Amino acid sequence: MRKLWIVALAIGLAACGNKGQLKPAEGASLPPKPYGSVATPAPADLLTAPPQTRPTRSDEVLRSSEERRGDEFDLPPQS
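The model shown is predicted, which means the values in this text are computed figures rather than measured ones. (Residues numbered from 1 in each chain as written. Predicted model: local features only at pLDDT ≥ 70, side-chain atom pairs only at ≥ 80, totals over all residues. Heavy atoms only, no water.)

Explanation requested: the overall build of the protein in the structure shown.
Along the backbone of the protein there are two helices and zero strands. Of all 79 residues assigned to the protein, the portion counted as buried reaches 0%. With an accessible surface of roughly 8,800 Å², the protein has 58% of that area assigned to carbon and sulfur atoms. (Helix = DSSP H or I, 4+ residues; strand = E, 2+ residues; numbered from the N terminus. Buried < 20%, exposed > 50% of the residue type's maximum accessible area, 1.4 Å probe, protein only. Areas by Shrake-Rupley, 256 points an atom, 1.4 Å probe, with all protein chains shown as cover.)

And the structure:
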């Protein structure tokens, strides 16, 4: 019975998310516009990540494959 209450509480807490638009708190304003910018960015613009923060993946590992040099520490076991 206790596990059922814990699961119900977890589901209830997970459903408490806010799905509305973001806006500044009462009495607060958006951050000032960046230096050199024409307009103050909207909240949606501030939440959009620029491409530099999420670079594309490069899978071209095998195109520049090279022969490995010898490993001087790869010695046979001593008997």
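Would you mind showing me how to read the environment of Leu22 here?
When you line up the elements, Leu22 lands in the loop between helix H1 (2–14) and helix H2 (43–47). Judged by relative accessible area, Leu22 falls into the exposed class, the value being 54%. Remark: the alpha-carbon pair of Leu22 and Ala42, spanning 20 residues in sequence, is separated by 9.7 Å. Beyond its immediate stretch of four places on either side in the chain, Leu22 contacts Pro43 and Leu47. (Contact = heavy atoms within 4.5 Å.)

What's the story with H1 in this structure? I'm lost.
Residues spaced three or four apart along an α-helix point in a common direction, a consequence of the helix completing one turn every 3.6 residues. Between its first and last C-alpha, H1 extends 18 Å over 13 residues, near the 18 Å set by a 1.5 Å rise per residue. With zero of 13 residues buried, H1 lies mostly on the surface of the structure. (Expected span 1.5 Å × (residues − 1).)

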